[in-house]
2 protein chains.
Amino acid sequence: MGTTQLETVPEPKYWHLKTVLTEALDSEFSVGEILPNERDLAARFGVARATLRQALEQLELEGRLQRRRGVGTTVAPPRMGVSVGSEQHAWPGGPHDAWHAVDCRLEVPPAALAEPLVIAADEAVHVVRRSRVSRGQPVASELLYIPAASVPDLSGIDAPSGAARARAVLRELQRMELERQENAVELGSAGADEARELDRLPGAPVLVVTTRYIARGRTAALSVATYRADTCRLTFGDSGGVEIHHGPERQAS
Amino acid sequence: MGTTQLETVPEPKYWHLKTVLTEALDSEFSVGEILPNERDLAARFGVARATLRQALEQLELEGRLQRRRGVGTTVAPPRMGVSVGSEQHAWPGGPHDAWHAVDCRLEVPPAALAEPLVIAADEAVHVVRRSRVSRGQPVASELLYIPAASVPDLSGIDAPSGAARARAVLRELQRMELERQENAVELGSAGADEARELDRLPGAPVLVVTTRYIARGRTAALSVATYRADTCRLTFGDSGGVEIHHGPERQAS
DNA sequence: TAGTGGTCTAGACCACCCT
DNA sequence: GGGTGGTCTAGACCACTAA
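So, here is what we can say about the structure in this document. Because the structure is a prediction, the values reported are computed rather than measured. (Residues numbered from 1 in each chain as written. Chains lettered and ligands numbered in written order. Predicted model: local features only at pLDDT ≥ 70, side-chain atom pairs only at ≥ 80, totals over all residues. Heavy atoms only, no water.)

## Points about the overall build of chain A
Put simply, the rule is: Going along the chain from the N terminus, every DSSP run of H or I of four or more residues is numbered as a helix, and every run of E of two or more is numbered as a strand. Only protein chains enter the calculation, and the probe is 1.4 Å; a residue is then buried if its accessible area is under 20% of its type maximum, exposed if over 50%, and partly exposed in between. Note on definitions: a residue-residue contact is assigned when non-hydrogen atoms from the two residues lie within 4.5 Å. For accessible areas, the Shrake-Rupley method is used with a probe of radius 1.4 Å. Any residue's cover is judged against the shown protein chains and nothing else.
Summing up its helical and strand segments, chain A has 6 helices and 10 strands in all. In chain A, which comprises 253 residues, the share counted as buried stands at 50%. When contacts within chain A are restricted to residue pairs at least 6 apart in sequence, long-range pairs at least 24 apart make up 63% of them. Approximately 12,600 Å² of chain A is accessible, and the part contributed by carbon and sulfur atoms is 52%.

## A look at the pattern of salt bridges
For the record, the criterion: Think of a salt bridge as a Lys or Arg side-chain nitrogen and an Asp or Glu carboxyl oxygen that are within 4 Å of each other.
In the structure shown here, the tally under the stated rule is 43 salt bridges over all chains. With a closest N to O distance of 3.0 Å, Arg200(A) and Asp230(A) form a salt bridge. Placement of the pair is Arg200(A) in the loop between α6 (192-198) and β8 (205-215) and Asp230(A) in the loop between β9 (218-228) and β10 (232-237), with a sequence separation of 30 residues. Arg64(B) is the salt-bridge partner of Asp26(B), the closest N and O atoms lying 2.8 Å from each other. Here Asp26(B) is found in helix α1 (residues 13-28), whereas its partner Arg64(B) is found in the loop between α3 (49-61) and β1 (65-68), with 38 residues between them in sequence. Among the ionic contacts, a cluster of salt bridges with common partners joins Glu38(A), Arg49(A), Arg53(A), Glu57(A), Glu60(A), Arg67(A), Arg200(A), Arg228(A) and Asp230(A).

## Here's the deal with the sheet that holds strand β6 (residues 137-146) of chain B
Filter applied, for reference: Paired strands, as defined in this entry, are two strands with at least two bridges between them according to DSSP. Helix axes use the C-alpha atoms of the stretch in contact, all axes being lines fitted to C-alpha atoms, and the angles between their N-to-C directions lie in the range 0 to 180 degrees.
The mixed open sheet is built from 8 strands, whose spatial order is β3(A)-β10(A)-β7(B)-β8(B)-β9(B)-β6(B)-β5(B)-β4(B). Each having just a single partner strand, β3 (80-83) of chain A together with β4 (99-107) of chain B make up the two edges of the open sheet. For this sheet, the mean inter-axis angle between neighbouring strands, taken without regard to orientation, is 25 degrees. Alignment of β4(B) against strand β5 (residues 125-134) of chain B, held across 8 bridges, turns out to be antiparallel. Bridged to Cys104(B) within β5(B) is Val128(B). With respect to the sheet, helix α5 (residues 162-173) of chain B is in contact with β4, β5, β6 and β9 (218-228) of chain B, its orientation differing from that of β4(B) by roughly 90 degrees.

## Overview of the relation of the copies chain B and chain A
For the record, the criterion: Alignment of the copies relies on least squares applied to C-alpha atoms, considering only residues that score at least 70 for pLDDT in both.
When chain B is fitted to chain A, the residual RMSD is 0.0 Å, and the transformation amounts to a turn of 180 degrees plus an axial shift of 0.0 Å. With respect to symmetry, the two chain copies, as superposed, fit the operation of a two-fold axis. Minimal C-alpha distance to the rotation axis in chain B is attained by Gly237(B), lying at 3.6 Å. Both copies present the same face, since 100% of the interface residues in chain B are matched by interface residues at the equivalent positions in chain A.

## Considerations on the nonpolar core
A general tendency of soluble globular proteins is for nonpolar side chains to be buried together. The cut-off we apply is this: In these notes, a set of buried Ala, Val, Leu, Ile, Met, Phe, Trp, Tyr and Cys residues joined through side-chain atoms within 4.5 Å is what counts as a nonpolar core.
Formed by 34 residues in total, the largest nonpolar core has its most connected members in Leu207(A), Tyr227(A), Leu234(A), Leu207(B), Tyr227(B) and Leu234(B). Residues contacting Tyr227(B), with those up to four places away along its chain left out, are Val82(B), Val84(B), Trp99(B), Arg132(B), Val139(B), Ala140(B), Pro205(B), Val206(B), Leu207(B), Val209(B) and Leu234(B).

## So, the pairing of β10(A)
Of all 6 residues making up β10(A), 5 are buried, and the element is well covered by its neighbours. In this sheet, β10(A) lies alongside β3(A) in parallel orientation, the contact comprising 4 bridges. When the bridges of β10(A) are listed, Val82(A) appears paired with Leu234(A). Judged from the 4 bridges that link them, β10(A) and strand β7 (residues 180-189) of chain B form a sheet pairing that is antiparallel. For Thr235(A), the partnering residue across the bridge sits in β7(B) and is Ala184(B).

## Regarding the sheet that holds strand β10 (residues 232-237) of chain B
The strand order across the open sheet formed by 8 strands is β4(A)-β5(A)-β6(A)-β9(A)-β8(A)-β7(A)-β10(B)-β3(B), and the pairing between neighbours is mixed. A strand with exactly one partner marks an edge of an open sheet, and here the two such strands are β4 (99-107) of chain A together with β3 (80-83) of chain B. Each strand of the sheet is rotated relative to its neighbour by a mean of 25 degrees, with strand direction disregarded. Sheet topology places strand β5 (residues 125-134) of chain A next to strand β6 (residues 137-146) of chain A; 9 bridges connect them, and they run antiparallel. Within β6(A), the position partnered with Arg132(A) by the bridge is Ala140(A). Docked against the sheet, helix α5 (residues 162-173) of chain A engages β4, β5, β6 and β9 of chain A, running at close to 90 degrees with respect to β4(A).

## Thoughts on the packing of α1(B) against α3(B)
Residue and element names in this part refer to chain B. The condition that has to hold: Throughout, the term roughly parallel applies to angles under 35 degrees, roughly antiparallel to angles over 145, roughly perpendicular to angles from 65 to 115, and oblique to all others. Helix crossings get a hand from a simple test, with the near helix turned counterclockwise from the far one by less than a right angle marking a left-handed crossing and a clockwise turn marking a right-handed one. Polar here means any residue other than Ala, Val, Leu, Ile, Met, Phe, Trp, Tyr, Cys and Pro, which are nonpolar, and Asp, Glu, Lys and Arg, which are charged; Gly is therefore polar.
At a minimum axis distance of 8 Å, the contact between α1 and α3 shows a crossing angle of 55 degrees. Taken together, the axis directions place α1 and α3 in an arrangement best described as oblique. Helix-helix and strand crossings are classified by hand; for α1 and α3 the assignment is right-handed. Between α1 and α3, the contacting residues are Lys 13, Tyr 14, Trp 15, Leu 17, Lys 18, Leu 21 and Thr 22 on the first element and Thr 51, Leu 52, Gln 54, Ala 55, Leu 56, Gln 58 and Leu 59 on the second. Tallied by class, the residues present in the contact of α1 with α3 amount to 8 nonpolar, 4 polar and 2 charged.

## Focus on the interface of chain B and chain A
Formally: The term polar contact refers here to a pair of N or O atoms within 3.5 Å; inside protein, the definition further demands a hydrogen-donor-capable atom paired with an acceptor-capable atom, and it admits residues adjacent in sequence only when both atoms are side-chain atoms.
Each side of the interface is counted separately: chain B has 48 residues, and chain A has 48 residues. At the junction of chain B and chain A, the tally comes to 2 salt bridges. Between Arg79(A) and Glu186(B) there is a salt bridge whose closest N-O contact spans 2.7 Å. Applying the counting criterion to the chain B and chain A interface returns 13 residue pairs in polar contact (both at pLDDT 80 or more). Of all the secondary-structure elements, those providing two or more residues to the side of chain B that touches chain A are α1, α3, α4 (114-117), β7, β8 (205-215) and β10 of chain B. Per-element accounting of the side of chain B that touches chain A gives the leading share, 9 residues, to β7(B). Counted by class, the side of chain B that touches chain A contains 22 nonpolar, 15 polar and 11 charged residues.

## Remarks on α1(B)
To keep things clear, this is the line we draw: What a helix is expected to span follows from its residue count: subtract one and scale by 1.5 Å.
Given a rise of 1.5 Å per residue, 16 residues ought to cover 22 Å, and the 21 Å separating the end C-alpha atoms of α1(B) matches this to within 8%. If you check which residues of α1(B) are buried, you get Tyr14(B), Trp15(B), Leu17(B), Lys18(B), Leu21(B), Thr22(B), Ala24(B) and Leu25(B). Buried residues along α1(B) sit against β7 (180-189) and α6 of chain A together with α2 (38-45), α3, β1 and β2 (72-75) of chain B.

Nothing here speaks to function; it is all geometry.
Shown next, in the form of structure tokens:
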């Protein structure tokens, strides 16, 4: 008919919902405040629950919301900046290290890591598990792969495993001179064990930081660190990082 | 009854599906190969289409699959490494710059950027739009915010807008000495315009790299670059980055 | 035990791409 | 026009948390 048809592209409902909710978060909600439950929200907007959830999932991905099964959906605080791969060229376990060692075992690493580690596919390496906490919250979980060749004088260590052994292995590693390190960031999803350690559900989005420590022209250690993508902003380079704030978002009482 | 009950934690179906599909991708599929369509796959695994899609979405998030409406689902090649925030402290638009300028306009930036730019909330700045292509594919889209104070001698430039003006603005910027730069990476989702430029749907996951260029103690420019999270692995620091391969994954003919 | 978010189903229709 | 992935619905049940 003669109706003007400028609506050439009907925006998906969940996309429009996301926009509306974002504006509401910016103007009407405080950090930590609890949103109405999903069934109520869906009814209020006149959509199916699955459609509402699509919008909430995106907002959680962007770090605006936090959802917890059995509890509810809350407004998330701004992401915290965590520094990675600083230019200071330091071995893991050094004096200004934000990590704390949890465990150390001797294991065969995943096949995909054999090549960057320059070892045989079935060769066992020291695997140090570390975790990183910021503002009282777990933010990252790391697996450090250290070929036996990088820590040759480990015979005097008595601890067969555990945090004590982990620290001993890192101490040994620091006896070499670090040549340089290579870093990479990519998107991944949390495995079952990482999810537990990060207090998230399996499959949660994570930022995977891979660091190759190079000494004497060889890969002396390989770190695979998974950071919570919802709560973390990774800063690197000279220092600091840029603070981005959303709307007013008063602090909840 | 007396049935042994070791199945304490029933794994979600989509999680198990994802595992099965991952193994299949590693062993039985080639890069670029087309998977059966979603309805067939769902029927084959005996699940609803929505459940299958949950698994496919995760695999796409991890960069293992590529889905295109109207076309199908294909096996994605390994992510390509793109270097960001290298230690070489260079202005944007310098000689070894991977970007190419598209446009330049004078606009008021989003309110959230007024503070890091150290300008008034309603002050207009030069906004240079640039894009980055790698291996024939668009990988990133950037908005560069440059306060007028950073390019004082712009009067001689005749081009009122467009790529020519963008290049002129960048040339002017390079006359200052760069003190240092601060970088940050976080997870985001593509807006409508970024999605178009990156050849993705709105809401697609992206890695947002924020760079603050500092000269004479002030923020001389602020870059917000969004990289396709599905196809990119960001490398930074000394150089290179770590190559991680999945399974055999022969190249498709 | 009540209420929350997480998983799952079996449909339907739409937007897009190719031929 | 036929086939693909993208969106949406209206239900159901489950796993978890807290009172």
